[in-house]
Amino acid sequence: MKTRTCNRRSFIRNSMAVAATAALVEPGSMVFGRASAAEAGLQRIRLGGPAFDKTEDPEGLALAHRKLGYRAAYCPGVELKDTDRIRALREAFAKHDVVIAEVGRWCNLLEADPEKRRQNLATVTEGLALAEAIGAGCCVDIAGSFSTTSWFGPHPDNLSARAFDAVVENARKIIDAVKPKRAKFCYEMMGWALPDSPDNCVRLIKAVDRLAFGVHLDPCNLINSPERFYYNTALLNECFDKLGQWIVSCHAKDLTWDVEMNVHFREVAPGKGSLDYATFLKRLAALPQNPPLMIEHLKTAEEYTGARDHILEVGRKAGLSFG
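Conventions we followed
- Residues numbered from 1 in each chain as written.
- Predicted model: local features only at pLDDT ≥ 70, side-chain atom pairs only at ≥ 80, totals over all residues.
- Heavy atoms only, no water.
- Patch = residues over 30% accessible without salt bridge, like charges linked within 9 Å, V, L, I, M, F, W, Y side chains within 5 Å.
- Areas by Shrake-Rupley, 256 points an atom, 1.4 Å probe, with all protein chains shown as cover.
- Salt bridge = Lys/Arg side-chain N within 4 Å of Asp/Glu carboxyl O.
- Helix = DSSP H or I, 4+ residues; strand = E, 2+ residues; numbered from the N terminus.
- Buried < 20%, exposed > 50% of the residue type's maximum accessible area, 1.4 Å probe, protein only.
- Contact = heavy atoms within 4.5 Å.
- Polar contact = N/O pair within 3.5 Å; in protein donor to acceptor, adjacent residues only side chain to side chain.

Structural notes on a nonpolar patch on the surface
Here comes step 1: On the surface, W106, W151, F152 and W192 cluster together to form a nonpolar patch covering roughly 410 Å² of accessible area.
Here comes step 2: Residue placement: W192 occurs in the loop between β5 (184–188) and α6 (198–208).

Laid out in structure tokens, this is it:
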């Protein structure tokens, strides 16, 4: 990694540039002054989610997303060896301006059984190769868990130095095997496994030390305490302040607190919980790389429609645009 020297003159020049930007956008809260969203350099948010049409036709799949008002999609089902279908999907989605946000490869890269762990590493490596071939923004998986009862569950060693070293090694192996020029590899944030905080995410970025290692932002997964639940606006701003330049895809869901004799947070659809979506959307729109925002973990088309409509309404009230 190269370092840059900074003399007094360049420091003053850079400080003036920062001050000019701050005149348009108030840091942290992203409150706009007289400038419009476009004048403030905000992007049109690319919202996405699953399409429920049964067609396997690439054109039909792309148009199904457009019909729902989406400009982003999860990667359609396709095998890496099916080069003709990959090309057809890539071209159809690009033609209709629908970004393929991510290839999900959900398996345990810290699996205790060596053979299963090897297979899982191969599965995720194939996923990154597919992301590169089909034009997706990233391949995403969780970093993994040492649990022997749940492939993603808690374990006392998940946040240990041993886990950190293994997670770094796995990321390097996956990226170095594929050598992608555009797609990124990401670990999704987790409340009980790495990366469990913006700071630990930065630590991983520096340790992995690969340009193809990116950030997949799922703020609900980071909310693992009353403090983070009540002050999730501060958590969101911390994520964007520290990780913004590396974010390549985001998940949209919400979180509520079921009051019991112990802390129990539960995932719900956007708008039915306490996540500060106005801040989430404003900070997302300010990123120049325009990462997609993908609705997830709902069961029916109607639930996805309700979540989509809530996000659109919050965004429009904040002066943001979609598409």
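Some thoughts on the environment of E59
Here comes step 1: Take E59: it is sitting in helix α2 (residues 58–67).
Here comes step 2: Relative accessible area serves as the criterion here: at 28%, E59 is assigned to the partly exposed category.
Here comes step 3: Taking C-alpha positions, E59 is 8.9 Å from E91, a pair spaced 32 residues apart along the chain.
Here comes step 4: Contacts of E59, omitting those with residues within four sequence positions, involve A92, K95 and H96.
Here comes step 5: Only 3.3 Å separates the side chain of E59 from the side chain of K95, close enough to count as a polar contact.
Here comes step 6: Polar contacts involving the side chain of E59 include one to the side chain of H96, which spans 2.8 Å.

Observations regarding the pattern of salt bridges
Here comes step 1: Applying the stated rule across the entire model yields 20 salt bridges.
Here comes step 2: With a closest N to O distance of 3.3 Å, E56 and R85 form a salt bridge. Within this pair, whereas E56 is found in the loop between β1 (47–48) and α2, its partner R85 is found in helix α3 (residues 83–95), the two being separated by 29 residues in sequence.
Here comes step 3: You can call E56 exposed: its relative accessible area is 54%.
Here comes step 4: The salt bridge partner of K173 is E169, with a shortest N-O separation of 3.2 Å.

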